[in-house]
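Residue strings, one per chain:
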Amino acid sequence: MSVKLTKAALDSLIDKSRVHLYKPIQIAEILYRDRVQGDIKLENLESYRNASKSWPNIVTERFVGRISNSSARYQDDVFNENAIPPRIIAELGVENRLKEGVVETYIYRRFSERFSQMSSALDYCTAHDCNTFNVNEFLDLFWHNPGLRRSIDKIYEIVVYALFSILVERIGVKITIGSEGEKATILEEFADFTEAVTGLPIGKSSITLPAKIYRVGLTNAADRGLDMYANYGMAIQIKHLTLKPELAKNIVGSITADRIVIVCIDAEQEVITSLLSQIGWQSRIQSIVTQSQLVNWYGRALRGIFSAEIGSAVLAILKEQILAEFPASDNGNFKAFYEGRNYHLRTDIDWM
């Protein structure tokens, strides 16, 4: 296979990867190990299959602030024939050794470009206040940028979380946890259990708590389950792309909550309603929120009569969550790593 074709395979993997580029970085670290230590054989997958799963974590934890939590099976997909099988890795290795780390440098430059693009999201949040922030315009930064489109699901989730969490808090929604009077004797017998598991203090039959919404956090790239949940029994699933019947079953089937809120683009509302009806799970859906509703709520939160109380808090959470999800977009650790390996010295990479 020609160098051009091997590079095309690598570019395809990078283009399909989410912004953190875990799989391409795994390839980069395999090539780095081969070039620097020479204790693996690139043609022999078993000499690095398992060990290489941890190699990218060592570097990404430095400048991304986290590691891949994908399953071993999902991580192994990178070695499939339609991705970067050992024969292509071996050919990349030849080029990488011959040109002193050229392929490694290329992968990490692509990573840097991806996160430079992600910084535009932070720049947008910083440059706009409650009067000028536009949700559709913000989401379009990701829809229309091929390098960021793979991460639109996380951005969409962050946009929803910032609004929902602040509104539930500022509206002052409360929940009460209590025990029925006729169960007092059982409550007394298991008072220590009740305190440990439900938070109900010994000697009290009820407590009132503020309602809250939480993001589940990082999930596997292939995960289709819960995105957010509330401490009052509601689950929230974010959908920004086409929902097919099998995926609909996976979503609802993987969530045990009885009340599910689905947030989706407007064009998907009827499709989702129809699919849920077909599989008989519409009773578990509390509501379907569309992007146009989301935009309307954002408008009222940022520029409505209560904007002084709500608007700035929504934008603060938005920026905070972007930094938490994509820390390298505002992190100098990557530069230290990049220069530490002397990648910055390569200015004449004809391979690129």
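Look up: the structure comes first, before these words.
Here goes a summary of the coordinates provided. Since we're looking at a predicted model, the values are computed, not measured.

The rules behind the values
Residues numbered from 1 in each chain as written. Predicted model: local features only at pLDDT ≥ 70, side-chain atom pairs only at ≥ 80, totals over all residues. Heavy atoms only, no water. Helix = DSSP H or I, 4+ residues; strand = E, 2+ residues; numbered from the N terminus. Patch = residues over 30% accessible without salt bridge, like charges linked within 9 Å, V, L, I, M, F, W, Y side chains within 5 Å. Areas by Shrake-Rupley, 256 points an atom, 1.4 Å probe, with all protein chains shown as cover. Salt bridge = Lys/Arg side-chain N within 4 Å of Asp/Glu carboxyl O. Lys, Arg positive; Asp, Glu negative; His and termini not counted. Charge placed at Lys NZ, Arg CZ, Asp CG, Glu CD. Pairing = 2+ DSSP bridges. Axes fitted to C-alpha atoms, helices over the stretch in contact; angles between N-to-C directions. Core = buried A, V, L, I, M, F, W, Y, C linked by side-chain atoms within 4.5 Å. Buried < 20%, exposed > 50% of the residue type's maximum accessible area, 1.4 Å probe, protein only. Contact = heavy atoms within 4.5 Å. Phe/Tyr/Trp six-rings, centres within 6.5 Å; stacked < 30°, edge-to-face > 60°. Lys NZ or Arg CZ within 6 Å of the ring centre and 35° of its normal.

## As for the environment of serine 12
In step 1: Within the secondary structure, serine 12 sits in helix 1 (residues 3-16).
In step 2: Separated by 72 residues in sequence, serine 12 and isoleucine 84 place their C-alpha atoms 9.5 Å apart.

## Describing a negative patch on the surface
In step 1: On the surface, a cluster of negative charge is made up of Glu188, Glu189, Asp192 and Glu195.
In step 2: For the negative patch, the secondary-structure elements that each account for two or more residues are helix 10 (184-189) and helix 11 (191-198).

## Looking at the sheet that holds strand 3 (residues 213-215)
In step 1: What the five strands build is an open sheet, ordered 3-4-5-6-7; its pairing is mixed. Of all the strands in the sheet, just strand 3 and strand 7 (285-290) have a single pairing partner and so form its edges. This sheet shows a mean twist of 20 degrees between the axes of neighbouring strands, independent of strand direction.
In step 2: Strand direction decides the pairing type here: strand 3 and strand 4 (residues 228-230), joined by three bridges, are antiparallel. Each residue of the ladder has a partner; that of tyrosine 214, found in strand 4, is tyrosine 229.

## Some thoughts on the nonpolar core
In step 1: Residues Tyr108, Phe133, Phe138, Tyr298, Leu318 and Ile322 are the most contacted members of the largest nonpolar core, which totals 82 residues.
In step 2: Here leucine 318 is in contact with Cys125, Phe133, Ile158, Val159, Ala162 and Tyr298, once residues within four sequence places are set aside.
In step 3: By size, the runner-up hydrophobic cluster in this structure holds eight residues, among which are Ile260, Ile262, Ile272 and Ile288.

## Some points on the packing of aromatic side chains
In step 1: Counting across every chain of the model gives 12 aromatic pairs.
In step 2: Taken together, a centroid distance of 5.9 Å and an interplanar angle of 65 degrees make the contact between tyrosine 48 and phenylalanine 79 edge-to-face. Within this pair, whereas tyrosine 48 is found in the loop between helix 2 (22-36) and helix 3 (55-63), its partner phenylalanine 79 is found in the loop between helix 4 (72-76) and helix 5 (86-98), the two being separated by 31 residues in sequence. Each member of the pair tyrosine 48 and phenylalanine 79 is classed as buried.
In step 3: Seen from their ring centres, phenylalanine 138 and phenylalanine 142 are 5.6 Å apart, and the 70 degrees between their planes marks the pair as edge-to-face. A residue pair is termed a helical-turn pair when its members lie 3 or 4 positions apart in one helix, as phenylalanine 138 and phenylalanine 142 do in helix 7 (residues 135-143) at four residues. Judged on exposure class, the residue phenylalanine 138 and its partner phenylalanine 142 are both buried.
In step 4: By the ring-pair criterion, three or more aromatic residues cluster together here, those being Tyr124, Phe133, Phe138, Phe142 and Tyr298.
In step 5: The positively charged end of arginine 341 is found above the aromatic ring belonging to tyrosine 32, 3.6 Å away from the centroid.

## Some words on the pattern of salt bridges
In step 1: Throughout the structure, instances matching the rule amount to 14 salt bridges.
In step 2: For arginine 49, the salt bridge goes to glutamate 46, with nearest N and O atoms at 2.7 Å.
In step 3: With relative accessibility at 53%, the residue glutamate 46 sits in the exposed group.
In step 4: Through salt bridges with shared partners, a single ionic network connects Lys7, Asp11, Asp15, Arg110 and Glu113.

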